[in-house]
Amino acid sequence: MIRNIKNISELPGHPDPIIMEPDLSRVHEIFEGLADRYGKIFTVQFADRPMVVVADAKPLNFILCKRPELFGPYRRNSKILEAIKADGIETADGSDWKRQREIIAASMESSYLTRYFENIKAVTDDLKSRWLAYGDNLSQTDLEAEIFGFSISAFTAIMFGDMADMPPGEQEIAGKLLFNLPSVLGGRIDALLPQMHLESFSEDKAFEAEIKRILSVIENLVVHNRNVLAGNSGAGKAGNQLQALIETMEAEGLDSHAVKLSENILQILLASEPTTADTLLRVLHYIAANPCVQKEIQDEVDALSGQCGIIEDIKDIKKLKCIDAVILETMRISSVSRLVLVEAKTDLLLEDVEVPGGTPLVLLIAYCGLDKDNFHHAAVFDHQRWRNESRVESEPHNSKAALGFGAGPRSCPGRGLAMLVMKTAIAMICKNFQIRRIPGKPVSKDKPFTLGFSIEIRDKSYDFPEIEIGEVDHVY
């Protein structure tokens, strides 16, 4: 069959240039709204060139799986990460990307996850103790701040350990700077994104001073952990992710500069801390809205944890099938990562469209998860769709359209680690606490969220009301 090949100028196109607003937390709504209007592949004008927007799961997976061969990082986006000194694996390409990816992926292998789990358990147990101490005041607590604080503490502990063997003064300074890292980097990104069309960015002396202090702390931590490893006499002794990175680098004969170690530490923390917290809040939102799901999770956790307040053995985390399904469904219907920007490296054919080299593409990865062609009753929250025994073969279920962690060679290397943190936290929360929907309280899409739920200490005699799955406001 002869295909009718067309160039991008023949695609449906939005007539007006896309304007980036100062607050970019809702920028995905612009593109997703245009996809509703123009279809699953169309063009928009941004800055001085057209961008191709893709919302179809098949070509989208082709693009993701052909990185870095045919598609690379969007250069204007890379300049932003360079400006905040976090230009590690996300901006790297070619042999540089391959080298950095191998080192980072090695530090997240299952053998290391077992060691990191001890730090995750400690932070989770601290959260449990603090919430229990709040008593009846827990429902009045700023839950968003609590969850974001937990996520920052968890990934900081994974990366650097508890830092207990550092001098007290240094430990306090390092802890404070690292805790503020997401807001420092996130604030600077928000300021730079509207300037994506510019060749150079506005300066921020306060940020430059702050990032210099943060990088100095990281460099000191690298030296400290290198010395700790040397004192452990041999490989296989890494107790935190930084030590695992150092261990792998030394085995490969690479130095910190070759793998951009400090920049990648910033990149890992920036990518993991806010997104994990945001996803956890969304998971709790759907658990509150679906009491039958909460009961199912509680039964599952009670059976595995016994009298313990948290899951003690990482092997039991793998048995949390209901929690696993709830996270996957939350990420499908309310993904934190909603779009990806890439750039074509060469002239190529995308389906039946000729895409010139250098063309930027906007990949609407979250849009695919809500497409009725990909999932049965796509707008309905139904975690059972991820359980093989519950799936109906005649109903669409395209797992390749659920792209919260990406796909292909450049997919998120920290998927296993993020899932471990989230499953440990959700198991602890559902074991010890009750998540209740607040009737009549609308869910805000803006940050900070207006949460439609509260948390209180669990009453094991509580009789859950019967509410049909799916009757819930979605957070996009």
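Residues numbered from 1 in each chain as written. Predicted model: local features only at pLDDT ≥ 70, side-chain atom pairs only at ≥ 80, totals over all residues. Heavy atoms only, no water.

What to know about the pairing of strand 5 (residues 340-344)
Bridge analysis of strand 4 (residues 71-73) against strand 5 gives three bridges, and the strand direction is antiparallel. The partner of Phe 71 across the bridge, within strand 5, is Ala 344. As judged from the four bridges shared by strand 5 and strand 8 (residues 360-363), these two strands associate in the antiparallel manner. Bridged to Glu 343 within strand 8 is Pro 360. (Pairing = 2+ DSSP bridges. Helix = DSSP H or I, 4+ residues; strand = E, 2+ residues; numbered from the N terminus.)

With respect to the nonpolar core
Membership of the largest hydrophobic core comes to 120 residues, with the highest contact counts inside it found for Phe 160 and Ile 455. Of all the elements, helix 11 (residues 261-289) adds the most residues to this core, at 14 residues. Beyond its immediate sequence surroundings of up to four residues, Phe 160 is in contact with Leu 178, Ile 218, Leu 221, Asn 240, Leu 242, Ile 265 and Leu 269. Ala 344, Val 355, Leu 361 and Phe 375 belong to the second largest nonpolar core, which has 28 residues in total. (Core = buried A, V, L, I, M, F, W, Y, C linked by side-chain atoms within 4.5 Å. Buried < 20%, exposed > 50% of the residue type's maximum accessible area, 1.4 Å probe, protein only. Contact = heavy atoms within 4.5 Å.)

With respect to the sheet that holds strand 5
Pairing within the open sheet is mixed, and its five strands lie in the order 2-3-8-5-4. With partners counted over all chains shown, the strands left at the sheet margins are strand 2 (41-46) and strand 4, one partner each. Averaged over neighbouring strand pairs, the angle between their axes works out to 35° when direction is ignored. Where strand 2 and strand 3 (residues 49-54) come together, six bridges link them in antiparallel fashion. Across the sheet, Ile 41 pairs through a bridge with Val 54, a residue of strand 3. The strands touched by helix 2 (residues 57-65) within the sheet are strand 3, strand 4, strand 5 and strand 8, with strand 8 carrying the most contacts at an inclination of about 120°. (Axes fitted to C-alpha atoms, helices over the stretch in contact; angles between N-to-C directions.)

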